[in-house]
Amino acid sequence: MRKVSVDPAAKTITAQGGALWVDVDDAAQEHRLAAVGGTVNHTGIGGLTLQGGYGWLSPQRGLVIDNLLSVRMVLADGRIVTASEKENTDLFWALRGAGSNFGVATEFVYRAFDQKVDPWCGLLAFTPDKLEKVVEFLNDAVATGKGRNGMLLGFACPPPTGGYPRSWFPFSTTEQKRRRTPRTRACLTSSPS
Ligand SMILES: Cc1cc2nc3c(=O)[nH]c(=O)nc-3n(C[C@H](O)[C@H](O)[C@H](O)COP(=O)(O)OP(=O)(O)OC[C@H]3O[C@@H](n4cnc5c(N)ncnc54)[C@H](O)[C@@H]3O)c2cc1C
């Protein structure tokens with residue numbers, strides 16, 4: 001149950017309950033549209049949507065559940081119902097955050113947004129001495145990016161580097177003006193200086 005269909009005129013995406021975000025992304029991209037999904041596209045849409053869901057478009061568009069238009073669901077008593085702002089509104093309220101407690105969602109309808117600009121994204125890794133500059137850069141980019149930048153900061157001691165600590169951040173941006181990031185020389189393959 002991974003079928004996804006897109007209505008470009010209505011700007012909606014209808015996805016079956018077993019779809020992954022990659023299915024939604026691939027179908028939406030054909031029309032230069034995008035849904036608010038997760039930051040990776042190999043998770044299922046079911047759990048992520050029913051638990052709230054945030055992703056790269058969230059700074060501009062809100063959570064996945066803010067852009068969920070309806071859910072088709074099989075309830076415990078076998079009934080198949082649609083929940084939306086117009087039908088079964090109490091169930092629709094409950095589904096947006098606690099959804100997996102109420103039944104099996106077989107279909108989700110999401111609001112879609114124009115994605116005419118190709119996002120620029122990647123993963124940068126730095127040695128610990130760059131941490132202060134990395135945090136300064138992230139704070140500035142998020143504060144001034146008008147929701148067009150998304151970034152996550154993490155810490156790791158990956159085995160290929162001999163277990164030396166690293167800070168890293170995956171990012172995505174549609175800002176036209178590229179920012180000058182802290183020096184990327186200290187990447188994952190180098191030793192800390
Ligand atoms: C690598 C990784 C990156 C992640 N990144 C993000 C992120 O950027 N943003 C974010 O919000 N979350 C993120 N998550 C968390 C993610 O939202 C949860 O792991 C979510 O549960 C994944 O959805 P799933 O359908 O694969 O869930 P599953 O693990 O399959 O299920 C989770 C729960 O949802 C229920 N469920 C799943 N599908 C349905 C359905 N169709 N109907 C009813 N109940 C259902 C299951 O029964 C279970 O209780 C990430 C997780 C991972 C592993």
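First, a word on scope: everything that follows refers to the structure included in this document. What you see is a predicted model; the values in this text were computed from it and never measured.

## Observations regarding the side chain of Thr127
Working step 1: Of note, Thr127 is situated in the loop between strand 8 (120–126) and helix 5 (131–144).
Working step 2: At 2.7 Å, the side chain of Thr127 forms a polar contact with the side chain of Asp129.

## Focus on the sheet that holds strand 2 (residues 12–16)
Working step 1: Spatially, five strands are ordered 1-2-6-4-5 in an open sheet, and the strand pairing comes out antiparallel. Here the strands that pair on one side only, and so sit at the sheet edges, are strand 1 (4–7) and strand 5 (80–84). Direction aside, neighbouring strands of the sheet carry axes that sit 15° apart on average.
Working step 2: With five bridges connecting them, strand 4 (residues 68–74) and strand 5 associate as antiparallel partners. By the bridge assignment, Met73 is partnered in strand 5 with Val81.
Working step 3: Sitting on the sheet, helix 1 (residues 21–29) is in contact with strand 1, strand 2 and strand 6 (104–111), with an inclination near 35° to strand 1.
Working step 4: Relative to strand 4, helix 4 (residues 89–98) is tilted by about 100°, and along the sheet it contacts strand 4 and strand 5.

## So, helix 1
Working step 1: All buried positions along helix 1 are accounted for by Trp21, Asp23, Val24, Ala27 and Ala28. The buried residues of helix 1 occupy an angular sector of 160° when the element is viewed end-on, so they sit on one face.
Working step 2: Summarising the contacts, the buried residues of helix 1 are in contact with strand 1, strand 2, strand 3 (33–34), helix 2 (45–50) and strand 6.

## Some points on the packing of aromatic side chains
Working step 1: Counted under the stated rule, the structure contains two aromatic pairs.
Working step 2: Centre to centre, the rings of Trp21 and Tyr110 are 5.5 Å apart; their planes meet at 50°, and the pair counts as tilted. Of this pair, Trp21 sits in helix 1 while Tyr110 is found in strand 6, placing the two residues 89 residues apart along the sequence. Each member of the pair, Trp21 as well as Tyr110, is classed as buried.
Working step 3: Ring geometry for Phe108 versus Tyr110: centroids 6.0 Å apart, planes at 20°, classification stacked. Here Phe108 matches Tyr110 in class, with each residue buried.
Working step 4: Linked through ring pairs, Trp21, Phe108 and Tyr110 together constitute an aromatic cluster.

## Concerning the environment of Asn139
Working step 1: Note that Asn139 resides in helix 5.
Working step 2: For Asn139 and Met151, which are 12 residues apart along the polypeptide, the C-alpha to C-alpha distance reads 9.7 Å.

## What to know about the site of the ligand
Working step 1: Residues in contact with the ligand amount to 18 residues; listed here are only the nearest, Thr39, Gly44, Gly47, Tyr54 and Ala105.
Working step 2: Contact between the ligand and Thr39: an oxygen atom at 2.5 Å from a side-chain N or O atom of the residue.
Working step 3: Gly44 is positioned such that a nitrogen or oxygen atom in its backbone is 2.9 Å from an oxygen atom of the ligand.
Working step 4: Starting from 950 Å² of accessible surface for the ligand in isolation, the protein chains cover 56%.
Working step 5: Elements that contribute at least two residues to the shell around the ligand include exactly helix 2 and strand 6.
Working step 6: Among the elements that line the shell around the ligand, the one with the most residues is helix 2, at four residues.
Working step 7: Class assignment of the residues belonging to the shell around the ligand gives a composition of six nonpolar, 12 polar and no charged.

## Some details on the nonpolar core
Working step 1: Grouped together as the largest cluster of nonpolar side chains are 32 residues, with contacts concentrated most on Ile13, Val24, Ile45, Phe108 and Tyr110.
Working step 2: When residues in this core are grouped by element, the largest group, four residues, is from helix 1.
Working step 3: When residues no more than four places from it in sequence are discounted, the contact partners of Phe108 are Ile13, Thr14, Ala15, Gly17, Ile45, Gly46, Thr49, Leu50, Leu68, Ser70 and Val71.
Working step 4: Among the nonpolar cores identified, the runner-up in size contains seven residues, and Leu124, Phe126, Phe137 and Met151 belong to it.

Criteria and thresholds
- Residues numbered from 1 in each chain as written.
- Predicted model: local features only at pLDDT ≥ 70, side-chain atom pairs only at ≥ 80, totals over all residues.
- Heavy atoms only, no water.
- Helix = DSSP H or I, 4+ residues; strand = E, 2+ residues; numbered from the N terminus.
- Polar contact = N/O pair within 3.5 Å; in protein donor to acceptor, adjacent residues only side chain to side chain.
- Pairing = 2+ DSSP bridges.
- Axes fitted to C-alpha atoms, helices over the stretch in contact; angles between N-to-C directions.
- Contact = heavy atoms within 4.5 Å.
- Buried < 20%, exposed > 50% of the residue type's maximum accessible area, 1.4 Å probe, protein only.
- Arc of directions from axis to C-beta.
- Phe/Tyr/Trp six-rings, centres within 6.5 Å; stacked < 30°, edge-to-face > 60°.
- Near = heavy atom within 4 Å.
- Areas by Shrake-Rupley, 256 points an atom, 1.4 Å probe, with all protein chains shown as cover.
- Nonpolar A, V, L, I, M, F, W, Y, C, P; charged D, E, K, R; others polar.
- Core = buried A, V, L, I, M, F, W, Y, C linked by side-chain atoms within 4.5 Å.

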